[in-house]
Every structure is written in C-alpha cells, then in structure tokens.
Amino acid sequence: MTIKPVIDLHNEKRARVLEIIDKLRELGVSESVSLPQLVVVGDQSSGKSSLLEGLTGLSFPVASELCTRFATQIVLRRASPDEAGAKITIIPGQSSQTDEHLEGRLKGFQRALSGDYLGSEEFGRVFDEAAEVMGIPGPSATDLESIDKRFSDDILKIELSGPEHHHLSVVDVPGLFHNPTKYQTKEDKSIIRWLIEDYITDKRTIILAVMDARNNLANQGVFQMARAADPAGKRTVGIITKCDAVQTGDEAGVIRIAKNQVEELTHGWFVVKNRSTEDIEGGVTIEGRHRKEKEFFSEKPLWRDLPRDRVGIHSLKRFLGKLLYDHIRNEFPSVIKDIEQSLQDAENDLEQLGPSRQTSVDQRRFLNRIVRKYQAEVDNALGGNYDPTLSSDNSLKLRMHTQALGEEFAKTIARHGHAKLFYTPDGNLDPEYSRATSDYEDDDGGSAVSENTDGDNEEDICSWIRRVYRDSRGTELPGTVNPRVIENLFRQQSSPWRQIALDYITKAAGAVKAFNHDILMDIIGDDEVREKLTFRLMRVQEATERTVAEEFSKLLHDERGGILQTVNHYYADTLTAIRDERVRAKLRGLGLQDNGKYYEVNFNELMRGVHPSNEDQAVNDIHDVLKAYYKVALKRFADNVVIQIVERYILGQDGPVRALCSDMVNDMDEGELLELAGESFVTSSKRQDLTAKCQRLQEALEIAKQVCV
C-alpha cells in the first residue's frame, strides 16, 4: 500500500489536546476509562530503549538485566529554551489507590531538572528513587532473587520540555523476554506478557511495535501479541531498529517489510538507526546519533529506496505527533461519554452506600431508605409492573414466575395426581386421566402407583376396587358398600398430591429467595449490610417454611385424612352424569340407540343387560363415586394450596417477601441498629474512595469539556 507523507504541525490546539489527555491520566481516569495513547512494545534487546532515547533525548539505564519493572509515560512538549527542563512524577496505579498512605507517598514523589537533556547517570538515579518509592527494585538493584514485589502498576511520568521537541506522549512498557534466568523468572515473564496485553488490547491504544532488523519477524513475540490484539493491523505502527547491523544480503528482506509488503499495517513501517554500543562507548551524543542516522540512510543504496518520510527518528517523531493528535481527536467524543458513564456508575454506587451512619438516627434513616426501595420493588414485582429491560427469566419478575409455577402445579397434579387411571362408563380409559405416575410417593414413602404411563397395568382400577371391596367386607348386606372403603380408596388414589404440592411450594419459596437475593444486590451497595439483611430475611423465610409445613399438613389432612364431604353441586351433577352415561352405555351395548325410534324389547332381557350382579354394581358405584368426588376434591385442594399456602404465607404480608418493612426497622433498639447498619471501616473506606473517584471524574469531565476537537 502507498503511505502518504504527513505534515509537521506544531500548534496550540495540538498541545492543548495533549495536555487534556495528560491531565485526565493524572487524575486516574484511565483506571475507569480507556484513554487514547501510544504504547511502545518490543522484545528485550530489540532496540526499544535506544529508540526511546532517539525520540526523547533520554539515555535510558541499561545496567540491569531487566531495567524497568513499571510502565513509563514520556511526555514531550515544545517550549522555549528558557522553559526547557524535565519534571518527573508518579501516577499511582489501581492497586496503590487502595492504600491511602502509599498513594500519598507516590503522589508526593517529584523531581524537577532544568535543561533539555538528562544524562544516563542522572536519569538512572531518578529511576532508582522512583522504584524505591514504588517498593520494587530499580535499575541499579543487584539482589533480585530475594525480593517480594517485582513489578508495579504505578506509572513513572517524565515530562520533557524544550525547543527541539514535538508535542508527543508515549508509554513504554517492560520488554518481553523469552528465556528465564535467575534474575528474570517464569513468573516475571508471565507478568510482563500480561502487562503488555493489558495495554495493547485496549481499543484506544496505538501499538508502536519495535522489531530488531536482524531477527525474523515471525520469531518476535511482541508482533505475535500485536497481531492477536490488532488482527487487521489498524492500530499498529511497525518500527524497525538496528538496520545498520543487518548482514550483507539480508537487507532486501527487511526493506520488503519496511515497504509494508510483508506484514501490512494501516499506519505502515519506519526504519531507524540507533546508537550502537561502540557509539555509546565512543561518546557519541544524541545529536551525533541523529547525524549518523541521516548519513547511513542517505549513503546506503538499498536504504535510499525507501520513502524519506519513513526513514529516521525525525520522520517518525513528526508522524507520531500527528497520529496521536488525530487519534485523540477521533476518540475524544466517546471518551467524554465514557467519563460521563463512569461518573454515573460511581455516583450510583455511592448512592447505594448512602450517607455516613455514625448515629442510631443515621442508621434508622439509612435502613428505612432501603425499606422504601425494597417495598417499591416488591409492589412492582407482585403487581407485574416490570422494568421492560428485564429478560424473561429475570428473578425480579416474581409474579410472572409464581404464576407460571402455579399453572405448572395445576397441570402436574391433573396429569399425575391420581394413583390409578379412571375409566369411562363404556369401559375405556378416561382421556382426562390418561396418565398415572410413579414419580411421586405417598405419605408413607412407598410407591403410589402400580401402573405405568403406557397403560400396561399390573392392576387396573376396577380390579383394584373389587379386591379392596372384597377385602373390606363387614356386616353390610351383599351389594352395599362400607363407607370406609371409599375413604380408603380415595386416600390411596390421591396419594401423589402431597409430593406434587410440596414441589410446587418449594419452587415458589425458591423464587422468593432468588428475588430477595437479586433485589438486595441491586439496592444495597454495602456488602456487610446486605449480608446481614439477607440473613435476617432468611430467618423469616425459615420461620415461614415451618409455618407452611404445619399449615400444609392441616390442609392435606383435611382433604385426605378426614371424612369425605362436599357441598359443591358439581359432585352430584358429575355423579349423576356418570351414572346416566353408564346406563346409556349398557343400552348401546344391547343395540339400543337413542335416535328417537321405537323398539319392541324383552323387559327381562333388558333388565338383565342393564343391571349387573350385586358385586359388579357395588364396584361400579364405588368407581363412579370415587371419580366424581376426586374431581371436586382435586380442584379444591389445588386452589387451596395456591391461595392458602403460597399466596397467604410465602407471598403474604408476613412472609419473607414482605418482612423487610418500616415496622421491622422502627422496632429495632440501638444495639440492633448498630449491629445491622453501623458503618464498618471497610464501608467508610469504600465511601471515601467512591467520593474521591466521583470528584476526580467530575473534575476530568469539566477539563475534557473545555476543549472542542
């Protein structure tokens, strides 16, 4: 691809935009909001430090096997000779912000140096001092095997001002190494890789990937990481170092890369020549470095073939200055939106913590505030007034879930509530009771069913009734039925009810538990208060469960343990209809159809066909009475479980979903208030942190809105 030349722009607007981003970073905004930045990455010994030296004029220390154990931000500003100098500070990382003393010590670190150049010894001393404040070894450290803290997420910020600088800001991260030593462990390698990935995976980071011209591109780990983070190459600038060290005959391959013909990058490639070890030992200055670089790329025939705006440190510096400005300008509107969102989130978190709670009045007010929010959410949840953004399975849709559970219960008990399949009067299985079940147990823990769902019965209901009828004969006359027989048969026929209803009750209680857990997570920011209120509601739930168990046992006993009775006319109507249909079925069996025709019949034959034996008549009567009563009792029982158990106790006024109320709070004494809502050190610290964060973000927002890009 063709790389267009760039124009060197040094204007007030670019300086202003760069200053705004630097201020945002100083305020710690980058912990919450991604900021546009240039990050230099490279393998160790790739020439990264020498490249930064050429860009900034700083002689980075090279005494240690691993010079830097923290990121370094270098800010260049064009200024008059009188204003030339260096200012070095530390931006505390996220881990340091949790320690107020450490954060204060880091912010207190400041070094100011006049002049426009820092010597390597002076710069190395500053690095050591900064590392000591961070609590990690510096470049001059020798005892690296016994240290505890080896890396820091704090950022060393170096601001350089002078007439030769372009407006530019870059971040340098430790170099990636491949072979661990006693000074650079496997753990160090993993930490550095994580640190590099943390920077380059940020979508607002421009990656300045440094490549040693002597090494194969495929073997350089940083480029593999850059490809993974930026597969399309839209955020990566390739920089080739040590061009003067390439073996004769290998230049063509490097030049193909530099021309963007091998690894195609949107922003292309640059080539530079840094100071060699011989140059450093020979006292070649930074100015001398620039001169030798220019001579090298001008005199070597193969290198002269590259576009001039892609060669040398000055071309690179001009390009990066404009690239950073354009990048910030494009990203700035979304940065402001992110700051606004982060501020809103922090304010919401702070609001959840509420005001300071040092007195009982404060504590009671705090709890009542939670109660009002909770009760409002309960009213919405039980009234079906849901937030439209909630997903269909969200636990806050409590009424929806309990209604669905109730409907599922009704279907389950209708399909599986009977131990035996009822028959129609004409002798076929009643389709309304097309399934019996063995999934539920009776009150004694035994199987309630001797039939499977396919109707392959061990004993059908009529055989069962006949056996029980015979086994229960007492003093009653033949053809008559002992009332206790129907009671016992009904108890066995309804034996699955207990477990089916208990499953439904358990699921309804679970829906309330899930609701309480999630709604308290939403409305209470203090973890300790939330845990204590959750525990209190769990105690209410446990008490409710005990009450429910007692009331359910009474309800179940009323239906299955006492005498069978009902005043519902549906029973009589159903029984009459069943008996009527039984007679009609007998008549149809004799060939008599109810079609309005007249028949001559033999009454003796007719009566023998319609009226069965005494025992058969008794079995039929028992079946029909049992079936008619079962229908009435099932509907009554199912409704009572829903209304008298779930609605009254689990969802009712004294249940766990209503227990957190103003009466509970107002009845607490000062000791209870202190135990439940008293502010801990953790909460107090969290409030201070959130307050400080809101202040920083608010200040950042005001600063960001001062500039229009």
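Residues numbered from 1 in each chain as written. Predicted model: local features only at pLDDT ≥ 70, side-chain atom pairs only at ≥ 80, totals over all residues. Heavy atoms only, no water.

Caption draft 1: View of the overall build of the protein chain. From N to C terminus, the protein chain includes 22 helices and 9 strands. Counting all 709 residues of the protein chain, 49% fall into the buried class. Considering only intrachain contacts with a sequence separation of at least 6, the fraction spanning at least 24 residues in the protein chain is 78%. Taken as a whole, the protein chain presents about 34700 Å² of accessible surface, with 48% of it coming from carbon and sulfur. (Helix = DSSP H or I, 4+ residues; strand = E, 2+ residues; numbered from the N terminus. Buried < 20%, exposed > 50% of the residue type's maximum accessible area, 1.4 Å probe, protein only. Contact = heavy atoms within 4.5 Å. Areas by Shrake-Rupley, 256 points an atom, 1.4 Å probe, with all protein chains shown as cover.)

Caption draft 2: Representation of the side chain of R658. As for its placement among the helices and strands, R658 is situated in the loop between α19 (614-650) and α20 (662-666). Taking relative accessible area as the criterion, R658 reaches 18% and is therefore assigned buried. At a separation of 2.9 Å, a polar atom in the side chain of R658 contacts the side chain of D379. Not counting residues up to four positions away in its chain, the partners in contact with R658 are Y374, Q375, V378, D379, L382, L651, G652 and Q653. (Polar contact = N/O pair within 3.5 Å; in protein donor to acceptor, adjacent residues only side chain to side chain.)

Caption draft 3: Summary view of the nonpolar core. Counting residues in hydrophobic clusters, the biggest one holds 72 residues, and the most contacted among them are L367 and Y374. Tallying contributions element by element places α19 first for this core, with 15 residues. Excluding its chain neighbours within four sequence positions, the residues that come into contact with L367 are L533, V665, M668, L673, L676 and A677. Formed by 65 residues, the second largest nonpolar core is a distinct cluster that contains L51, L168, F270 and I328. (Core = buried A, V, L, I, M, F, W, Y, C linked by side-chain atoms within 4.5 Å.)

Caption draft 4: Inspection of the side chain of H327 at higher detail. Within the secondary structure, H327 is located in helix α10 (residues 313-353). The residues contacting H327, other than those within four sequence positions of it, are P36, Q37, R204, T205 and I206.

Caption draft 5: Main features of the packing of aromatic side chains. All chains considered together, the criterion is met by 15 aromatic pairs. On the basis of an interplanar angle of 75° and a centroid distance of 5.0 Å, the ring pair of F296 and F297 is categorised as edge-to-face. With relative accessibility at 11%, the residue F296 sits in the buried group. Under the relative-accessibility criterion, F297 is labelled buried at 1%. Measuring from ring centre to ring centre gives 4.9 Å for W497 and F637, while their planes differ by 15°; the resulting arrangement is stacked. Pair noted here: W497 is in helix α15 (residues 497-523) and F637 is in helix α19, with a separation of 140 residues, a long-range link. One aromatic cluster in this structure is built from F422, F490, W497, F552, Y629, Y630 and F637. One cation-aromatic arrangement involves R310 over F319; the distance from NZ or CZ to the ring centre is 4.8 Å. (Phe/Tyr/Trp six-rings, centres within 6.5 Å; stacked < 30°, edge-to-face > 60°. Lys NZ or Arg CZ within 6 Å of the ring centre and 35° of its normal.)

Caption draft 6: Structural detail: the packing of helix α13 (residues 461-471) against helix α14 (residues 483-493). Direction vectors running N to C along α13 and α14 enclose 140°, while the axes themselves pass 11 Å from each other. Taken together, α13 and α14 sit at an angle that is classed as oblique. For the pair α13 and α14, the crossing hand works out as right-handed. Together, I461, W464, I465 and V468 of α13 and V485, L489, Q492 and Q493 of α14 make up the contact between the two elements. Among the residues forming the contact of α13 with α14, the class breakdown is 6 nonpolar, 2 polar and no charged. (Axes fitted to C-alpha atoms, helices over the stretch in contact; angles between N-to-C directions. Parallel < 35°, antiparallel > 145°, perpendicular 65-115°, else oblique. Left-handed = near helix turned anticlockwise from the far one by under 90°. Nonpolar A, V, L, I, M, F, W, Y, C, P; charged D, E, K, R; others polar.)

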